[in-house]
Amino acid sequence: SGVAMRKSWEFAAKEVNDAGGITVDGKLKKVELIFEDSQSRPEVGVSAAQKLLTRDNVDIVVGELFHSHVTLAIMELAPAFPKIFFTGQPVSQEIARKIASDPKKYGNYWKFSFNSDAYADTTFQTIEWLIKDGKVKAPNKTFGFITEETDYAKSNIEFMRKLFEPAGWKMTGQELVPIGNADFFPQLSKLRAAPPDVLISIFTSPNAGAALVKQMKEQGVKPFHFAIFYPTLREFITGAGAAGENIVYSPLLFDPDNNKEHKTLSDKMTPFLGIAPSGDHAFGYCNGAVLFDVIKRAGSTEVKKMNEA
């Protein structure tokens, strides 16, 4: 996902630069991107952001492109630097809560993506609709989670429970594992002992998702499976093979097979990427395009003018 987001931002910047650049404070300038790797670790992300702000003296920090828990750490730098901070994919509701709780302190921090309650809504409504339509059976109205141990997953769980439990559902268990975990034997053993009607899994790592569905198939664990994020990754589809079939997943943000506008974007990006773009590529492109459009309309990278634009 990190590589995909980087390539898509490079494509968005290339589009702007090929058109002549952006006028900033009366001068036509080209976009220059400087990338640092957070390694999915908050302390590394904060160190990288400090380097970009002080040594590279960047005008805008996009931090972070991917992980919510890294974003939450980088947010604490925003009050000390009068520059725009912008996020990529992070959706944890906690990011929005912090901004709303103190808009003066975090007034230069922009959250690009939707919040965790959007995942909760689509998960709950889809499952209820499939049951009502006779496609899924949930006689006991029980659900359980196997997820990575991140703010992203925890925030999604929090808001899903707020929808499922008042509707009469009972949670049977919640198993959290480290990012990239590939051994699910302990979790699946518990699942066999108390199988829920519906299993909800949340991972950002495609190898973790592929390992989970393969081990579920090997051990004959067969609840209705609703998956968050990782089935959108081509690496998961390749790694999981037949074990990845029959999963319902979210989000379907990029669907070039059925959406003409999405296909136009896919065809435009493919020569630059060398492969057909994934949802990560499309999301990253939109992420960059929105930011560059605001700079164009503001004619500046100053916080006040960009906020107004």
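See the structure above.
What you see is a predicted model, and the numbers here were worked out from it, not measured in a lab. (Residues numbered from 1 in each chain as written. Predicted model: local features only at pLDDT ≥ 70, side-chain atom pairs only at ≥ 80, totals over all residues. Heavy atoms only, no water.)

A short note on the overall build of the chain
- Helix and strand counts for the chain stand at 12 helices and 10 strands.
- What you see for the chain is a C-alpha radius of gyration of 21 Å, in line with the 19 Å of a compact globule of 309 residues.
- Dimensions of the chain along its principal axes, counting C-alpha atoms only, are 65 × 45 × 35 Å.
- Buried positions account for 50% of the 309 residues belonging to the chain. (Helix = DSSP H or I, 4+ residues; strand = E, 2+ residues; numbered from the N terminus. Rg over C-alpha atoms; globule rule 2.2 N^0.38 Å. Buried < 20%, exposed > 50% of the residue type's maximum accessible area, 1.4 Å probe, protein only.)

Quick notes on the sheet that holds strand β9 (residues 224-229)
- Ordered by their spatial adjacency, five strands build an open sheet running β7-β6-β8-β9-β10, and the pairing between neighbours is parallel. In this open sheet, the two strands that pair with only one neighbour each are β7 (170-177) and β10 (248-250). This sheet shows a mean twist of 15 degrees between the axes of neighbouring strands, independent of strand direction.
- Of the pairings in the sheet, the one linking strand β6 (residues 142-148) to strand β8 (residues 198-203) comprises five bridges and is parallel in character. (Pairing = 2+ DSSP bridges. Axes fitted to C-alpha atoms, helices over the stretch in contact; angles between N-to-C directions.)

Overview of the packing of helix α10 (residues 260-273) against helix α11 (residues 279-298)
- Closest axis-to-axis distance for the α10/α11 pair is 11 Å, and the angle between their directions is 100 degrees. Taken together, the axis directions place α10 and α11 in an arrangement best described as roughly perpendicular. Facing Leu265, Lys268, Met269 and Leu273 of α10, the residues of α11 in contact are His281, Ala282 and Tyr285.
- Looking at the contact of α10 with α11 residue by residue, the class counts come to five nonpolar, one polar and one charged. (Parallel < 35°, antiparallel > 145°, perpendicular 65-115°, else oblique. Contact = heavy atoms within 4.5 Å. Nonpolar A, V, L, I, M, F, W, Y, C, P; charged D, E, K, R; others polar.)

What about the side chain of Ser8?
- Here Ser8 shows up in helix α1 (residues 2-18).
- The residues touching Ser8, leaving out its near neighbours within four places in the chain, are Met269, Asp280, His281, Gly284 and Tyr285.

Considerations on the sheet that holds strand β4 (residues 84-86)
- With respect to topology, three strands assemble into an open sheet ordered β3-β4-β5, the strand pairing being parallel. Taken across any chain shown, the strands that pair with only one partner, and hence form the sheet edges, are β3 (60-62) and β5 (109-110).
- Relative to β5, β4 runs parallel, the two sharing two bridges. Within the sheet, the bridge partner assigned to Phe86 lies in β5 and is Trp110.

Keep in mind that these numbers describe shape and distance, not what the molecule does.
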